[in-house]
Amino acid sequence: FRTLFSGLSVTIPHKESILSFLDTVDIDARSIGAVNTVVKKGKKLFGYNTDVIGFTTALGGRKKLRNKRALVVGSGGVARALVYGLRQSGAEVTITNRTFFKAKRLARLFRCRAISVSAVGGSGTYDFIVNATSVGMVPSIAKKPLQKSLLKKVSHAGSVVFDAVYTPITTSFLSDAKSLGLETVSGLQLFFHQAREQFKLWHGVYPQGGYDEING
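Residues numbered from 1 in each chain as written. Predicted model: local features only at pLDDT ≥ 70, side-chain atom pairs only at ≥ 80, totals over all residues. Heavy atoms only, no water.

> Quick question: what am I supposed to make of the overall build of the protein here?
When you go through the protein residue by residue, the secondary structure sums to nine helices and 10 strands. Computed over C-alpha atoms, the radius of gyration of the protein comes to 17 Å, within 12% of the 17 Å expected from 2.2 N^0.38 for 216 residues, which places it in the range of a compact globule. Dimensions along the principal axes, computed over C-alpha positions, put the protein at roughly 55 × 40 × 35 Å. Here the protein holds 216 residues, and the buried ones make up 45% of them. For the protein, long-range pairs separated by at least 24 residues make up 56% of all intrachain contacts whose partners lie at least 6 apart in sequence. Total accessible area computed for the protein in this model is approximately 11000 Å², and 54% of it derives from carbon and sulfur atoms. (Helix = DSSP H or I, 4+ residues; strand = E, 2+ residues; numbered from the N terminus. Rg over C-alpha atoms; globule rule 2.2 N^0.38 Å. Buried < 20%, exposed > 50% of the residue type's maximum accessible area, 1.4 Å probe, protein only. Contact = heavy atoms within 4.5 Å. Areas by Shrake-Rupley, 256 points an atom, 1.4 Å probe, with all protein chains shown as cover.)

> Where do I start with the pattern of salt bridges in this structure?
In a structure, side chains of opposite charge can pair up when their charged atoms sit close to one another. Under the definition given, this model contains four salt bridges. With a closest N to O distance of 3.2 Å, aspartate 23 and arginine 2 form a salt bridge. Remark: arginine 2 occurs in the segment before β1 (7–9) and aspartate 23 occurs in the loop between β1 and β2 (24–25); sequence separation between them is 21 residues. In this structure, aspartate 51 and lysine 15 form a salt bridge, with 2.9 Å as the shortest nitrogen-oxygen distance. Of the two residues, aspartate 51 is situated in helix α2 (residues 51–58) and lysine 15 in the loop between β1 and β2; the sequence distance between them amounts to 36 residues. On the basis of relative accessibility, which here comes to 18%, the residue lysine 15 falls in the buried class. (Salt bridge = Lys/Arg side-chain N within 4 Å of Asp/Glu carboxyl O.)

> Can you walk me through a nonpolar patch on the surface in this structure?
Taken together, the side chains of Met137, Val138 and Ile141 present a nonpolar region at the surface, about 250 Å² in accessible area. Exposure remark for methionine 137: the relative accessible area of 34% places this residue in the partly exposed category. (Patch = residues over 30% accessible without salt bridge, like charges linked within 9 Å, V, L, I, M, F, W, Y side chains within 5 Å.)

> Got a minute to help me understand the nonpolar core in this structure?
What tends to happen in soluble globular proteins is that the nonpolar side chains get buried as a cluster. In this structure, Phe55, Leu59, Val83, Leu86, Val93, Ile95 and Phe162 are the most contacted members of the largest nonpolar core, which totals 31 residues. Discounting residues that sit within four places of it in the chain, phenylalanine 55 has contacts with Leu82, Leu86, Val130, Phe162 and Leu190. Grouped together as the second largest cluster of nonpolar side chains are 15 residues, Val73, Ile115, Leu146 and Leu151 included. (Core = buried A, V, L, I, M, F, W, Y, C linked by side-chain atoms within 4.5 Å.)

> Mind showing me how you'd approach the pairing of strand β5 (residues 69–73) here?
Consecutive side chains along a regular strand alternate between the two faces of the sheet. In terms of residue burial, β5 counts as a mostly covered element, since four of its five residues are buried. One ladder, built from five bridges, connects β5 with strand β6 (residues 92–97); its direction is parallel. When the bridges of β6 are listed, valine 73 appears paired with threonine 96. Running through helix α4 (residues 77–88), the crossover from β5 to the neighbouring parallel element β6 is right-handed. The sheet contact formed by β5 and strand β8 (residues 128–131) spans four bridges and is parallel. (Pairing = 2+ DSSP bridges. Right-handed = clockwise from strand over helix to strand, strands pointing away.)

> Quick question: what am I supposed to make of the pairing of strand β7 (residues 113–116) here?
Both β6 and β7 contribute to a ladder of four bridges, which runs parallel. Bridge pairing links threonine 96 to isoleucine 115 in β7. Of the crossover connections in this fold, the one passing from β6 over helix α5 (residues 100–110) to the parallel β7 is right-handed.

> Help me understand the side chain of aspartate 51, please; the structure alone is not making it clear to me.
Given the relative accessible area of 11%, aspartate 51 is considered buried. Engagement of the side chain of aspartate 51 in a polar contact is seen with the side chain of lysine 15, the distance being 2.9 Å. (Polar contact = N/O pair within 3.5 Å; in protein donor to acceptor, adjacent residues only side chain to side chain.)

> Would you mind showing me how to read the sheet that holds β5 here?
The pairing of strands in a sheet happens through backbone hydrogen bonds and is either parallel or antiparallel. Strand order in this open sheet of six strands is β7-β6-β5-β8-β9-β10, and the pairing throughout is parallel. Either end of the sheet is taken by a strand with one partner, and the two such strands are β7 and β10 (183–185). Geometrically, the sheet is characterised by an average inter-axis angle of 20° between neighbouring strands, direction not taken into account. When strand β9 (residues 160–163) meets β10, the two strands line up parallel, connected through three bridges. (Axes fitted to C-alpha atoms, helices over the stretch in contact; angles between N-to-C directions.)

What follows is the structure in structure tokens.
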């Protein structure tokens, strides 16, 4: 099969299992344990993870994240990439998840804090609140990773709320955040910026057009 392509975009649920088929894996992708981009160079396959830079770019860049408090909901493959990006950017990260032992396992991996969902309300406020789960995705669009009352408790006037879900673009979670006067970032921005980095890996240049230009 490797003779038939020059590059691949890898999606769920193959981001982890593909590592064993690659010749070389980028340090970020190796640290996360997931690859979403494959580039063939000669006869060798190289693996990368552009979700990290896509995420940090969507939130305004690494400098904006430095020394900020971030709450991440989730402990799966997406959460691994997002927590890694936050930690590499110098953010102080707290992870929560419905299954607490999974949150603790991820927190140990990236040397950050884990708390139970029941303890979130008493954990203070955060500069960035991140949904790294599929909760709220089509068709279950009414579901939320955090209820509005809890979101209000853990946010402040300058908080930024990010949702990795991009179908729908404005989730119930982001709608709640907007109604509280908070800045929101859609998962579509992560999707766009990570794809832009993929294009650069495959073709050596960035595609024309920015997020605002393409998405109106």
